[in-house]
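Descriptive structure summary
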Amino acid sequence: MAMVSMRQVLDEAAKGGYGVGAFNVNNMEQIQAIMEAARETNSPAIVQASRGARSYTNDRFLYHLMMAATELYPEIPLVLHQDHGNSPETCKSAIEMGFTSVMMDGSLMADGKTPADFEYNVRVTREVVDMAHERGVTVEGELGCLGGIEDGHGADVDALAHLTDPDQAVEFVERTGIDALAVAIGTSHGAYKFSKKPDGEVLIMSRIDEIHAKLPNCHMVMHGSSSVPQELQDIINKYGGQMKQTYGVPVEEIQRGIRSGVLKINVATDSRMAITGAIRKVFVEHPEHFDPRDYLKPARNAMKEVVKARMISFGQAGHAGDYQAIPLSEIAKQYKGQLVSA
Ligand code: 13P
């Protein structure tokens, strides 16, 4: 199957009442892990690449690895999404390279650090929507700011100080015409989200309910959604790592979000931890090994298991065969006929 529009995948998820994980990648093994997890669970798949990932893979490797994925896994509806585009230019280059979905993160200025004002966010996001929809490409916008810095992107703000305002969200979706809205509810990127198991004081799931009440047809996105499982922290530390005790977003909270309109769930850290734990284990148990396959195979397998578990708990498992890809040219025509998200 050719790569599909994220809008199509999210529309189907909305109909089916399930969420879809969006997993970050930087290399071949991570793409393979996601594709194998998707095949084993019969799930649609969203692969996403940050600016850092695009520069690490020099874009062309990423593109051709994704082409290989569509050839080798023709039964899997597959989206390639630009994570945290910092400017219309970044989104434009992603679209030109073949991404079927882009995030214009106008919640921050183009430096990827400084919180932006609402009018700037509306302006740059609208600009990307106009450019992307003409080619049938999906656009995710963000309102409010997450905490934490990932791949050099992030304001490192107090996650609770920049939550998404539900009334502003209505105006933002209306004025930009985005397909999906990333909401800030107290999460942050990376492993160090919470100092204890989060409760409603720090992880504001009720904000999702409030936004959903005002925008019942809006496809919401949860960023910073790694669960940072204790067992992965323990494996890393058992084999020489030095992670401080930390807590992520419990899977049951994500499931609660899915029941209130969250359709895309971003996960990067859990995959990284699974990979790191597996590699550390091989290095400690087999210091005599030096063939990269000896540690990259277990690493790939460990990531596959995490991704599979998430695909099952988000509900996307079993849904790969529900639909045929609509060509982007057809989606572009639908946008002209005013395909709207809210
Ligand atoms: P985590 O760091 O929680 O995996 O979040 C990733 C993310 O939101 C990417 O945009």
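Observations concerning the sheet that holds strand β5 (residues 138–143)
Strand order in the closed barrel made by the eight strands is β1-β2-β3-β4-β5-β6-β7-β8, with parallel pairing throughout. Across the sheet, the mean angle from the axis of one strand to that of its neighbour is 25 degrees, orientation sign disregarded. Sheet topology places strand β7 (residues 219–222) next to strand β8 (residues 262–267); three bridges connect them, and they run parallel. Residue pairing in the sheet places Met-220 in a bridge with Val-262 of β8. Taken strand by strand, helix α1 (residues 6–16) contacts β1 (20–24), β2 (45–49), β3 (78–85), β4 (101–104), β5, β6 (180–183), β7 and β8, and its axis lies near 120 degrees from that of β8.

Some thoughts on the pairing of β6
Of the two faces of β6, the one holding Ala-180 and Ala-182 and the one holding Leu-181 and Val-183 are both buried throughout. In terms of strand pairing, β5 meets β6 through four bridges, oriented parallel. Residue pairing in the sheet places Glu-140 in a bridge with Ala-180 of β6. As paired strands, β6 and β7 are joined by four bridges and run parallel to one another. From the neighbouring strand, Ala-182 faces β7, where its bridge partner is Val-221. Each parallel crossover has a hand, and the one from β6 via helix α8 (residues 205–214) to β7 is right-handed.

With respect to the side chain of Thr-41
For Thr-41, the location among the structural elements is in helix α2 (residues 28–41). Of note is the side chain of Thr-41, whose polar atom sits 2.7 Å from the backbone oxygen of Ala-37. There is a polar contact of 2.6 Å between the side chain of Thr-41 and the side chain of Ser-43. Thr-41 has contacts with Lys-308, Met-311, Ile-312, Ala-317 and Gly-318, leaving out every residue within four places of it along the chain.

Focus on the packing of helix α11 (residues 269–285) against helix α12 (residues 292–314)
Closest axis-to-axis distance for the α11/α12 pair is 8 Å, and the angle between their directions is 145 degrees. In terms of crossing hand, the pair formed by α11 and α12 is right-handed. Facing Asp-270, Ser-271, Ala-274, Ile-275, Ala-278, Ile-279, Val-282 and Phe-283 of α11, the residues of α12 in contact are Asp-294, Tyr-295, Leu-296, Pro-298, Ala-299, Ala-302, Met-303, Val-306, Val-307 and Arg-310. A per-class count over the contact of α11 with α12 returns 14 nonpolar, one polar and three charged.

Here we look at the pattern of salt bridges
Pairs can form between side chains of opposite charge once their charged atoms are near each other. Under the defined criterion, the tally for this structure stands at 22 salt bridges. For Glu-285, the salt bridge goes to Lys-281, with nearest N and O atoms at 3.3 Å. You can see Glu-285 and its partner Lys-281 sitting in helix α11, four residues apart, about one turn around the helix. Residue classification places Lys-281 among the partly exposed residues on the basis of a relative accessible area of 35%. Between Lys-333 and Glu-330 there is a salt bridge; the shortest N-O distance is 3.6 Å. With Lys-333 and Glu-330 both in helix α13 (residues 328–336) and three residues apart, this pair spans about one turn of that helix. The class of Lys-333 is exposed, set by a relative accessible area of 57%. Among the ionic contacts, a cluster of salt bridges with common partners joins Glu-40, Lys-304, Glu-305 and Lys-308.

Overview of the state of the cysteines
Working definition of a disulfide: a covalent bond connecting the sulfur atoms of two cysteines. Inspection of the entire model under this criterion finds zero disulfides. In this model Cys-145 remains outside any disulfide bridge; the closest cysteine sulfur is found in Cys-91, 16 Å from its own. The class of Cys-145 is buried, set by a relative accessible area of 5%. Cys-145 supplies the cysteine sulfur nearest to Cys-218, a cysteine that is in no disulfide, at a spacing of 17 Å.

What about α1?
Residues of α1 that are buried include every one of Met-6, Arg-7, Gln-8, Val-9, Leu-10, Glu-12 and Ala-13, and no others. Looking one or two residues beyond α1, the residue adopting positive phi is Gly-17, at roughly 70 degrees.

Regarding the packing of aromatic side chains
What characterises a pair of aromatic rings is the spacing of the ring centres plus the angle enclosed by the ring planes. Per the stated rule, a full pass over the model turns up two aromatic pairs. Pairing Phe-118 with Phe-172 gives two aromatic rings, centres 6.2 Å apart and planes at 55 degrees, and the pair type is tilted. In this pair, Phe-118 is assigned in helix α6 (residues 118–133) and Phe-172 in helix α7 (residues 166–176), connecting sequence segments 54 residues apart. Side by side, Phe-118 and Phe-172 carry an identical accessibility label, which is buried. Each ring, one from Phe-283 and one from Tyr-295, has its centre 4.8 Å from the other, and the planes form 70 degrees; the classification is edge-to-face.

Re the confidence of the model for the protein
The share of residues in the protein with pLDDT of 70 or more is 98%, and the mean pLDDT across the chain is 96. In the model of the protein, α13 stands out as the element of lowest mean pLDDT, 96, in contrast to β1, which has the highest, 99.

Each value, and the rule that gives it
Residues numbered from 1 in each chain as written. Predicted model: local features only at pLDDT ≥ 70, side-chain atom pairs only at ≥ 80, totals over all residues. Heavy atoms only, no water. Pairing = 2+ DSSP bridges. Helix = DSSP H or I, 4+ residues; strand = E, 2+ residues; numbered from the N terminus. Axes fitted to C-alpha atoms, helices over the stretch in contact; angles between N-to-C directions. Contact = heavy atoms within 4.5 Å. Buried < 20%, exposed > 50% of the residue type's maximum accessible area, 1.4 Å probe, protein only. Right-handed = clockwise from strand over helix to strand, strands pointing away. Polar contact = N/O pair within 3.5 Å; in protein donor to acceptor, adjacent residues only side chain to side chain. Left-handed = near helix turned anticlockwise from the far one by under 90°. Nonpolar A, V, L, I, M, F, W, Y, C, P; charged D, E, K, R; others polar. Salt bridge = Lys/Arg side-chain N within 4 Å of Asp/Glu carboxyl O. Disulfide = S-S within 2.5 Å. Phe/Tyr/Trp six-rings, centres within 6.5 Å; stacked < 30°, edge-to-face > 60°. pLDDT = per-residue confidence, 0-100.

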